[in-house]
Amino acid sequence: MDMQDGNVKMTQQTVDRAMNPSDAIERTIRVQTRDVTVHYGAKQALHGISIDIPERAVTSFIGPSGCGKSTFLRCINRMNDTIEGAKVGGTIKLDGEDIYDPQLDVVELRARIGMVFQRPNPFPKSIYDNVAYGPRIHGLTSSKADLDEVVVSSLRKAGLFEEVKDRLNEPGTGLSGGQQQRLCIARAMAVGPEVILMDEPCSALDPIATAIIEELIDELRENYTIVIVTHSMQQAARVSQKTAFFHLGNLIEEGVTEDIFTNPINKQTQDYIMGRIG
Ligand SMILES: Nc1ncnc2c1ncn2[C@@H]1O[C@H](COP(=O)(O)OP(=O)(O)OP(=O)(O)O)[C@@H](O)[C@H]1O
Ligand SMILES: [Mg+2]
């Protein structure tokens, strides 16, 4: 990849964003959370989180380790259901529909709200089978040709196809870390999600692989609603249009990314972005 080009592109996008900073915030709300609490046994990890997540934009969650970012992210596709002793309260709606409705099919929900984790976790299967996995278990395609098409288009959307097109039958685990993470993104895309949750997707990657994923995230936001947890404030500033700052299980401040980083209202947010806490 030409890093020079990558940098120029990002700078241009930053300028575009600066000209219309509140644009993203005015978009339709895709995910709405109200008074969300999480307890792990007797310990309360989240205290009444209310936030609106706009469609076709990137929202970042920042804050010191242990403040509840991953816990909150997991609430959004009910991944906390799988954690013994975790209890979620409050309401979370996707397009106005309560995702904690007992009638709701959780497997289907997780196809609509995909997740990418900190460590790339491809299945011990071929590149092709990693991406085909979701469409197969959800019965999304009716023929081999259909499935081929979904696999190729998902790999393309994840910016990986050109690098792997000659070795689709080789193991996904044989790819580089950055390629594995893009494979995991392709796997999430293959079931046609509307929202993609990413929990520190670059923290195990080198700066070049990170830059590629950040560019990808920037492209994906044209069509998807993205939420990213990151420890890197530079990354939040580069890729997101909306930022939420968490501290000790509370949502302290949220707003247009630029405002959060240049003109935070809350003292704790100021301290965090100045590097005084965390
Ligand atoms: N499975 C669990 N069981 C019990 N407590 C948990 C569990 N997962 C998280 N916690 C606790 O909940 C709180 C929030 O943790 P969480 O992992 O959400 O924080 P985080 O902001 O993602 O931190 P980091 O930046 O280190 O990833 C912490 O006090 C943590 O110890
Ligand atoms: Mg975390």
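Reading guide: rules and limits
- Residues numbered from 1 in each chain as written.
- Chains lettered and ligands numbered in written order.
- Predicted model: local features only at pLDDT ≥ 70, side-chain atom pairs only at ≥ 80, totals over all residues.
- Heavy atoms only, no water.
- Helix = DSSP H or I, 4+ residues; strand = E, 2+ residues; numbered from the N terminus.
- Buried < 20%, exposed > 50% of the residue type's maximum accessible area, 1.4 Å probe, protein only.
- Near = heavy atom within 4 Å.
- Polar contact = N/O pair within 3.5 Å; in protein donor to acceptor, adjacent residues only side chain to side chain.
- Areas by Shrake-Rupley, 256 points an atom, 1.4 Å probe, with all protein chains shown as cover.
- Nonpolar A, V, L, I, M, F, W, Y, C, P; charged D, E, K, R; others polar.
- Pairing = 2+ DSSP bridges.
- Contact = heavy atoms within 4.5 Å.
- Axes fitted to C-alpha atoms, helices over the stretch in contact; angles between N-to-C directions.
- Parallel < 35°, antiparallel > 145°, perpendicular 65-115°, else oblique.
- Left-handed = near helix turned anticlockwise from the far one by under 90°.

K.L.:
Any chance you could explain unusual backbone geometry here in plain terms?
P.N.:
Excluding glycine, residues mostly have negative phi values, and the peptide bonds linking residues are mostly trans. The backbone phi angle of D35 is positive, close to 50 degrees, even though this residue is not glycine. Among the structural elements, D35 can be located in strand β1 (residues 29-40). Relative accessible area serves as the criterion here: at 52%, D35 is assigned to the exposed category. At R78, a residue that is not glycine, the phi angle is positive and equals roughly 60 degrees. Its location among the elements puts R78 in the loop between α2 (69-76) and β4 (86-94). The buried category is assigned to R78, whose relative accessible area is 12%.

K.L.:
In this structure, what is going on with the site of ligand 1? I would like to understand it.
P.N.:
Of all residues adjacent to ligand 1, which total 15 residues, the nearest are S65, G66, K69, S70 and T71. Contacts to ligand 1 include C67, whose backbone N or O atom sits 3.2 Å from an oxygen atom. Note that an oxygen atom of ligand 1 is positioned 2.5 Å from one of the side-chain N or O atoms of T71. For ligand 1, the protein covers 65% of the area, taking 630 Å² as the surface of the free molecule. Mapped by element, the contributors of at least two residues to the shell around ligand 1 are β2 (43-54) and α2. Top element by residues in the shell around ligand 1 is α2. It accounts for four residues. Looking at the shell around ligand 1, its residues break down into five nonpolar, six polar and four charged.

K.L.:
I'm lost on the sheet that holds β4 in this one. Help?
P.N.:
In any sheet, the strands associate via hydrogen bonds between backbone groups, in a parallel or an antiparallel arrangement. The four strands lie next to each other as β2-β1-β4-β5, forming an open sheet whose pairing is antiparallel. Two strands close off the open sheet at either side, each with one partner strand: β2 and β5 (97-98). Sheet topology places β4 next to β5; two bridges connect them, and they run antiparallel. Directly across from K93, in β5, lies its bridge partner D98. Seen against the sheet, α2 touches β1, β2 and β4 and runs at an angle of roughly 120 degrees to β1.

K.L.:
Looking at this structure, I do not really get the sheet that holds strand β7 (residues 195-199). What am I missing?
P.N.:
Spatially, β6-β7-β8-β3-β9-β10 is the arrangement adopted by the six strands of the open sheet, whose pairing is mixed. A strand with exactly one partner marks an edge of an open sheet, and here the two such strands are β6 (113-116) and β10 (250-256). Strand-to-strand twist in this sheet, taken as the mean axis angle between neighbours without regard to direction, amounts to 15 degrees. Bridge count for strand β9 (residues 242-247) against β10 is six bridges, and the pairing is antiparallel. Paired with H247 across the strands is N250, a residue of β10. Contacts from helix α7 (residues 177-189) reach β6 and β7, with the element oriented near 170 degrees to β6.

K.L.:
I would appreciate a short explanation of the packing of helix α5 (residues 144-157) against α7 in the present structure.
P.N.:
When two helices pack together, their arrangement is given by the angle between their axes and by how far apart the axes lie. Two elements in contact, α5 and α7, have axes whose closest approach is 8 Å; the angle formed by their N-to-C orientations is 130 degrees. Judged by the angle between their axes, α5 and α7 are oblique. For α5 against α7, the interelement crossing comes out right-handed. Contact with α5, carried on its side by S154, L155 and K157, involves L183, A186 and M189 of α7 and no other residues of that element. Among the residues making up the contact of α5 with α7, the classes are represented as four nonpolar, one polar and one charged.

K.L.:
Quick question: what am I supposed to make of the packing of helix α4 (residues 127-137) against α7 here?
P.N.:
Two numbers describe how α4 lies on α7: the axes approach to 7 Å, and their chain directions differ by 30 degrees. On the basis of the axis angle, α4 is roughly parallel to α7. Seen along the crossing, α4 lies across α7 with a hand that is right-handed. Between α4 and α7, the residues in contact are I127, N130 and V131 and L183, A186 and R187, respectively. Here the residues of the contact of α4 with α7 are counted per class, giving four nonpolar, one polar and one charged.

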